[in-house]
Every structure is written in structure tokens, then in C-alpha cells.
Amino acid sequence: MTLEDFRSETRAWLEENCPPGMRTPMPDDERVWGGKNPVFKHPESKVWMERMVERGWTAPQWPREYGGGGLSRAEAAILTEEMNRISARPPLFSFGLGMLGPLLLDIGTQAEKERYLAPITRGEIRWCQGYSEPGAGSDLAGLQTRAEDKGDHYLVNGQKVWTSYAHHADWIFCLVRTDTSVKHAGISFLLFDMHSPGVEVRPIKLISGASAFCETFFDNVKVPKDQLVGEVNGGWAIAKQLLAHERAMISQLGARGGNRLPPFKDMARRYAGDANGRIADPLLRDLVARQLINDRAFESTSKRAIGSADAAAGVASMLKYYGTEQNKRKMEVIMKCAGYAGLGWEGEEFDDNDLVLCRSWLRSKGNSIEGGTSEVQLNVIAKRILGLPD
Amino acid sequence: MADQLTQQDHELLRDTAARFFGERSPLGAMRQLRDEQNEVGFDREVWREMSEMGWAGILIDEADGGVDLGYRALGTILEQSGRTLTASPLLSTVLSATPIISRAGNEAQRADTLSAVADGALMIALAHEECPRHAPHRIATRAVKNDDGYVINGKKTFVLDGHVADRLLLVARTSCEDDQREGISLFLIDNALPGIRIKRTRMVDSRNAANIRFNNVQIPAGSIIGTVGGGADILDPVLDGARAGVAAEMLGSGQEAFDITVEYLKVREQFGAPIGSFQALKHRAAEMYCEIELARSAVYAALDALDQKARDAAELVCVAKAKACDMLELVSNEAVQMHGGIGMTDEADVGLFLKRARVAQQLYGDVVFHRQRFADLIGL
Ligand SMILES: Cc1cc2nc3c(=O)[nH]c(=O)nc-3n(C[C@H](O)[C@H](O)[C@H](O)COP(=O)(O)OP(=O)(O)OC[C@H]3O[C@@H](n4cnc5c(N)ncnc54)[C@H](O)[C@@H]3O)c2cc1C
């Protein structure tokens, strides 16, 4: 099938199968995350997810045998374009799709792929990421959570923090220390069930008002030994590899905006433009245009870079750094355009778009912290790409 | 009066205000007002104590019952209130509405309000803005003359303390087109007249503002302040005072968010060292210090110029508000970023400063407005 055929077929399929309610901006609480206790707040979101699952399009580029769509990169790009064209909501959000899955496709054993991938594409298991600890954020390798070898299982003790959606997660991919005598070389990558005895989760409130991340405590949690990915003490390289996927994913948040907000240009025209959307104020016009120019350049960069065979760590860091800083700037520009209208917290004196804008602006501040801070990304670029001395 | 205050007086006032806000309305008090969704939006007892110290009458002539210490002194107090994010009628009543009556009110209006304001017993809100972005002369609310006075129709937004004030200082149009400087008139009116509908807005900084709708509201002819159609001449200098005052508050907020952050850079360790030892952060902290000091100078210069009625006061006010906006946007963003994950939590105080910052930035003109106005004023 030619790409043109693929496009028209895809367009027709989406036209027929994407429910009208799934073509509107999406409030945060209408996102579908799947899992054992899935929430479909919007009535049409369930059927939308199921239809996409059936086609393998929750994971368009994964092999069909693991529930993916088996699309080429070019086809997947067309699918994205066609979905954007009708403002289709992503059918499923998941750290499994964006982080763990791509990692296992790279380095997982056959058994691991068979066990973990398909439930991710079908939205059956919801994963969370247990990396950061109170004492180990930017210095991730300083992590202290222990996994002791007890013969037929590991015994996990310690604390994670900022664990996004741990309170809704079924499973965790977790960095643990299996050797205390060395730093990087004593880390392992462990998968386990969040419903295991000894796991305790306490949600933390964000500045945007949501409780999206948690403190996560492990008290003598027993984990079967076959749930360790890669080699014992070989977790650091795996951890970094997963981070590259995470960073690539986060870098694109601004471009798609998670579909929560109308496109930046539309918002700028609406808030700062006249009846025809023309922005007369030359200073606002300049701010908006500058932003859109950077957007275009970033879009091209993402296409060019993500396409390159091995998205090297440095490139993922560049995208993560630029994409998130760009997104934060974008939100600030919109806030300037919106004036008082963007400053509402709740209540009927503001319309929904205004309220979503304010919360999204606050939430965007985390983009340059989660997945490794901007400062860390710059350090990686300086080291890995530029070869500057430590 | 104002120019008789010595450097020492100012320092004394600063220390008094710092101690007062630190003890009587620390950040925790602001959180509490927020969390209990307090209907008043500020602490009336704290306001009573502030009034007892003369702060409510700080811009009011002694003859009218005030203490007349001037803008610099009020700026000093606002700066300290910015450190603890204290909400009070200082911004609405003292800084924005009452100076209009002080400047242009007739005998009856003065007697009716000024000493009561100075005592902390009366609150007045300036019902002015109509657009989402500060636009001082874009007034579509109409006041149409009839036999009994005027009939008001229109809608006001972002009226500070609008839902708790006893009176409204209404900016309405008696003639000309919606965006002309001419034809604007000022009225002192009761807030409970038939046809007035006041709705509190819940803002991101948890402070008070309201939307107010006027539907065929009949007001007496005697409520006009100054001349018919000559309101902008009274309003503009008062707005400049308000801009400088808000800039002073922002200076305090920026300084406090910065101090909290510098302290964190000293105690938080990663890679076996305090994160403040990393040059990437060190230099940015040093840069912020420079920006804060520039904003400080600009704010003080503007406040002094207002007290001295200097010819370039308006320009200096633009400089002060523009610098304060840039500075606070930078500092509030960096404060969160340099805290890492903890900066994104509701529990950390830096987020409170981020939220207040954007509201204060918009209030009476953001950096875009003031760059534009500055360019106009200096003849670019
Ligand atoms: C919204 C959100 C969601 C998150 N979700 C998850 C999750 O699901 N799972 C998970 O494991 N973690 C998660 N995190 C945690 C995130 O990865 C960490 O917050 C991040 O790595 C920073 O660590 P820290 O918070 O300890 O900050 P710190 O490391 O203490 O950093 C504080 C400041 O110091 C700077 N800094 C540190 N070292 C250096 C250096 N060498 N040079 C220059 N500057 C430096 C940092 O850039 C930052 O500005 C999330 C964070 C956020 C904000």
C-alpha cells in the first residue's frame, strides 16, 4: 500500500470510528489511563480506546504480535497527522506505552516481551516509574532503595518520591540498589506489582491543585526474581535508556499539549486578536510570532532527530530541554495574551478554557523538572554531544 | 508632608512593617485564608491593627483625618506585605480608590469617606477595568444623564475587593467613543443599589476580585467626582500611584521568593555537594540578585517621584512596573525550577509566589502595557 493509500484509508477509518466527543479539547480528568480499574469519565472514551486497541493503534509502531499496529515510521507519522487533523484525543495515556514498552522492545527477553507488552497496548496494566528518591533526584544514581537477594526472591525496602500516579498504578518499574559498595554499578531494574504487601502510597498535592504524584514506601516487599530486567547490578544503563524514551516523550508534550488546550495559535488569536483574530498589539504579536517560529523549527527538529536510527542520549536531552522550555515560554505568552482571564482558579465567572489554561500554565512548570531537569539535560548535552570535560 | 520623612524614618517604618507582617500575617495565614475559602478574603483583625498604626490613612491629608506620609511610605509597607503575600484593603481602598476622592472629591464626599477610610472603617473598591488586559481608557460602561442623576449600564471585571467593599468608585463613560480618553467620568456610589450584581471571582492567587454588572442602575447626580467627562485627568495620576504601589509589593514578593531559594541552594545536596555550588545555578542566582536590585531602585525612584510630583513621574512608574514584572516573572519561575520536584508541590511556599506574581503582573498593566506606554511617553 502506498503512503497515499494509507492516508486516505486512515482518514476514512478515523472519520467513521472516532466519536464526535473524542474530537474536543480534553480536560485532565477525561484522560484514559487504563489499568485494572480503568476510568472512562467521558462516555465515548471507552469505545474509542477499544477501537484503537483493536487496530493496534495505541502503539502504532510496535510489532503486531505484541498488540501494536506494525506501522512504519512514515505511516505512524501520517496517523498522527490525521488524528491531529480532526483533533482526535489520544485514546490511551500510559507510562507503559511511552517508557517501559519501548525499553523492553529494545532490550527485553522474548519472555518479557510476551508477558508485559500486550497488556500495555490494551490498557490493561497501568505502570508507574519508581526512580526519584528524597535524596536522589538529579543525582539519580545516589538512590538508596534496597533489594536484597533472599534466594528465591528479592526483598525491597526504601522510599521513592514524586512517583506520578503511583496511587492508581498496578505495577512499577523501579530502580533499586543491589550492591551498596559501589554507586552506578550497584543498581538494578526491577518490575513489581504495586498491590504487593508492604507497598504504601501517599498522594502529594501539586501547585496546579491536582494530586498527580506520590510518596511511595516499600516495607519488606517480596518480588519474584524473574522480574529483574537485564543483569543484576546492570540497571544503570537500562535506566538511562528508558530515560531517553521518557525525554523524547516529554519533549512532545508542548506540541500536542496532551490535547487539553486548543492549539497555541488559536488561543493567541482568541485572547489577543480582534474579531478576525488579527493581533494588533505589536508587542504581543511579536511574542506570539516568535513562539510560533520556534515551534515550527522545533517540530522539524523533532522529526529529523527522532527519526535518526538511535536517538542518542544527547539528542533526547536536546529535545527534552528545548521542548519543555519552549512549552513553558508558550504558556507564559498565552498568559500575557489572556490577562485577567487566564488568572482564574475556579468558579463560573471564568469559562472552562480559561480555567484549563491557568492550571496548564502551572503544570507546565514541572515539564522542565520531570524526567530530569533542564540543568541535567544541559549537562548531558555538554558532556555527551560536546565532549566538554566534567 | 511626604518629603519630610528622613531615611531613618523610612527604615523605622520598614522594620515595623516587616515585624508586623511577619508576626501577624505570615505566609501560613495566607494559606489558611485560602484553605478555608474565607469569604472576606483577608483578615479583618489584621486590617484593624494596620489602620490603628495609621496605614489606612497613609495617603490621606491630615486635615481629612489621615497621616499623609506619601507614596514612598506606603510603598515601604506594601513591599513588606509582599514578602508574606498579605491580602488587605491597602491595594483596593488605600492605593486605588481613595486617592481619587482625596484629589477631586467635593466637601460632602470627603467628609463622608476620608476619615472613615483612615480609621479602617470604610472600604472602597475601584470599579474600572472592563477588558482582560489593563486598558485604562477603554470604558464602555455608560452613565446616561436623566432627571434623577445618571443611569448606569455595563460590566466591570477584576474589581479588587469588589465583593466586600462598602462603596464603589465607578469609572463610566458620559460621552465619546468607548476607547477615548475624553468623556470618562468618576462616581462614588453605594454598592447595594438596585441593578448592581457583584460576583466574587476565585483567582489563582486566592485574593479578592469581583465581576460587577450594572443593569439600569439609577445613581444620584451628586455622586459624580470632579467634572463631567474629565475623569481621566483625575484617574491617570492615581493609576500611576497604584502601579508604583503594586510594583513595590512585587519587589517584596520577589525578594522573599529569592531569599527562600538562595537558602534552599545552600542546604539541598546532590552529587555530594550543595546544589548552590554548581555554577549553572550560582550564576543565575547572581543574575537574579542584579535584577532585584534594579527593580528596587526603579520602584523607589518612582515612589519618590510621585511624592515630589516630579514631571517625569509617569515615565518612572512605567520603568518601575515594567522592571518589577520582568523581575518577578524571572524570580518566580526560577524559584520553582531551582527547587526541583518539591517546587511543584502545594506544600512549598515558592508556588504561592508564582501564583501571586502573575496576578500582580497583570494588575494595572503588565510589561507589554508598560513598554508600550513608556515608548509613547518618551516620544518614540
Ligand atoms: C510533575 C513531576 C512528575 C514527576 N514524576 C516522576 C515519576 O513518575 N517518577 C520519578 O521517579 N520521578 C518523577 N519526578 C521527579 C523528577 O524526576 C525529579 O524531580 C527531578 O529529577 C529532579 O530531582 P529533585 O526533585 O530531587 O531536584 P534536585 O535534584 O534537588 O534539583 C534541585 C535543583 O538543582 C539543580 N541541579 C541539581 N544538580 C545540578 C547540577 N549538577 N548542575 C546544575 N544544576 C543542578 C536542578 O536542576 C534543580 O534545579 C517527577 C517530577 C515532577 C515535577
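Definitions and cut-offs
- Residues numbered from 1 in each chain as written.
- Chains lettered and ligands numbered in written order.
- Predicted model: local features only at pLDDT ≥ 70, side-chain atom pairs only at ≥ 80, totals over all residues.
- Heavy atoms only, no water.
- Salt bridge = Lys/Arg side-chain N within 4 Å of Asp/Glu carboxyl O.
- Helix = DSSP H or I, 4+ residues; strand = E, 2+ residues; numbered from the N terminus.
- Buried < 20%, exposed > 50% of the residue type's maximum accessible area, 1.4 Å probe, protein only.
- Near = heavy atom within 4 Å.
- Polar contact = N/O pair within 3.5 Å; in protein donor to acceptor, adjacent residues only side chain to side chain.
- Areas by Shrake-Rupley, 256 points an atom, 1.4 Å probe, with all protein chains shown as cover.
- Phe/Tyr/Trp six-rings, centres within 6.5 Å; stacked < 30°, edge-to-face > 60°.
- Lys NZ or Arg CZ within 6 Å of the ring centre and 35° of its normal.
- Arc of directions from axis to C-beta.
- Contact = heavy atoms within 4.5 Å.
- Axes fitted to C-alpha atoms, helices over the stretch in contact; angles between N-to-C directions.
- Parallel < 35°, antiparallel > 145°, perpendicular 65-115°, else oblique.
- Left-handed = near helix turned anticlockwise from the far one by under 90°.
- Pairing = 2+ DSSP bridges.
- Domains from an automatic or database assignment.
- Buried area = accessible area lost by both parts, 1.4 Å probe.

### Observations regarding the pattern of salt bridges
Point 1. What the rule picks out here adds up to 59 salt bridges over all chains.
Point 2. A salt bridge links Arg296 of chain B to Glu79 of chain B; its shortest N-O distance comes to 3.1 Å. Pair noted here: Arg296 of chain B is in helix 8 (residues 279–307) and Glu79 of chain B is in helix 4 (residues 71–83), with a separation of 217 residues, a long-range link. Here Arg296 of chain B and Glu79 of chain B have matching classes, each one buried.
Point 3. Members of the salt-bridge network, linked through shared partners, are Arg7, Arg11, Glu15, Arg23, Glu81, Glu82 and Arg85 of chain A.

### A word on the site of the ligand
Point 1. Lining the immediate environment of the ligand, one finds 28 residues, of which Ser132, Ser138, Thr373 and Glu375 of chain A together with Arg268 of chain B sit closest.
Point 2. Residues within reach of the ligand are spread across chains A and B.
Point 3. Note that a nitrogen atom of the ligand is positioned 3.4 Å from one of the side-chain N or O atoms of Asn379 of chain A.
Point 4. Relative to its unbound accessible surface of 970 Å², the ligand loses 95% to contact with the protein.
Point 5. Looking at the shell around the ligand, the elements with two or more residues in it are strand 3 (153–164) and helix 12 (374–385) of chain A together with helix 8 and helix 9 (313–339) of chain B.

### Some details on the packing of aromatic side chains
Residue and element names in this part refer to chain A.
Point 1. Counting across every chain of the model gives 21 aromatic pairs over all chains.
Point 2. When the ring of Trp162 is compared with that of Phe213, the centres are 5.1 Å apart and the planes differ by 45 degrees; the resulting orientation is tilted. Here Trp162, found in strand 3, pairs with Phe213, found in strand 7 (residues 213–224); they are 51 residues apart in sequence, far enough to count as distant.
Point 3. The side chain of Arg55 reaches across the aromatic face of Trp57, ending 4.5 Å from its centre.
Point 4. Taking the ring centre of Tyr154 as reference, the NZ or CZ of Lys225 above it sits at 5.5 Å.

### With respect to helix 2 (residues 45–55) of chain A
Residues and elements named next belong to chain A.
Point 1. Three or more residues of helix 2 are buried, namely Ser45, Trp48, Met49, Met52 and Val53. Projection of helix 2 onto a plane perpendicular to its axis shows the buried side chains occupying an angular sector of 130 degrees, all on one side.
Point 2. Elements in contact with the buried residues of helix 2: helix 1 (3–17), helix 3 (73–85) and helix 5 (110–121).
Point 3. Gly56 lies just past helix 2 and shows a positive phi near 80 degrees.

### What about the packing of helix 7 (residues 231–267) of chain B against helix 8 of chain B?
Residue and element names in this part refer to chain B.
Point 1. Remark: helix 7 packs on helix 8, axes separated minimally by 9 Å, with the N-to-C direction vectors making an angle of 155 degrees. When the interaxial angle is binned, helix 7 and helix 8 end up roughly antiparallel. Here helix 7 runs over helix 8; the crossing is left-handed.

### Remarks on the pairing of strand 5 (residues 184–190) of chain B
Residues and elements named next belong to chain B.
Point 1. By the criterion of burial, strand 5 is predominantly enclosed, with six of the seven residues buried.
Point 2. Relative to strand 5, strand 4 (residues 167–173) runs antiparallel, the two sharing seven bridges. Paired with Val171 across the bridge in strand 5 is Leu186.
Point 3. Here two bridges tie strand 5 to strand 8 (residues 224–225), and the two strands are oriented antiparallel to one another. Bridge assignment links Phe187 to a residue of strand 8, and that residue is Ile224.

### Considering the environment of Glu370 of chain A
Residues and elements named next belong to chain A.
Point 1. Topologically, Glu370 is positioned in the loop between helix 11 (352–364) and helix 12.
Point 2. With a relative accessible area of 23%, Glu370 lands in the partly exposed category.
Point 3. For the pair Glu370 and Glu246, spaced 124 residues apart in the sequence, the C-alpha separation amounts to 9.5 Å.
Point 4. Here Arg363 takes part through its side chain, which lies 2.9 Å from a polar atom of the side chain of Glu370.

### What to know about the domain arrangement of chain A
Residue and element names in this part refer to chain A.
Point 1. What the domain assignment lists for chain A is domain 1 (3–121), domain 2 (127–233) and domain 3 (238–385).
Point 2. Each of domain 2 and domain 3 has a C-alpha centre, and these two points are 30 Å apart.
Point 3. At the interface, 13 residues of domain 2 touch 11 residues of domain 3.
Point 4. Contact with domain 3 buries surface across domain 2, with Tyr131, Ile207 and Ser208 losing the most and accounting together for 44% of the total.

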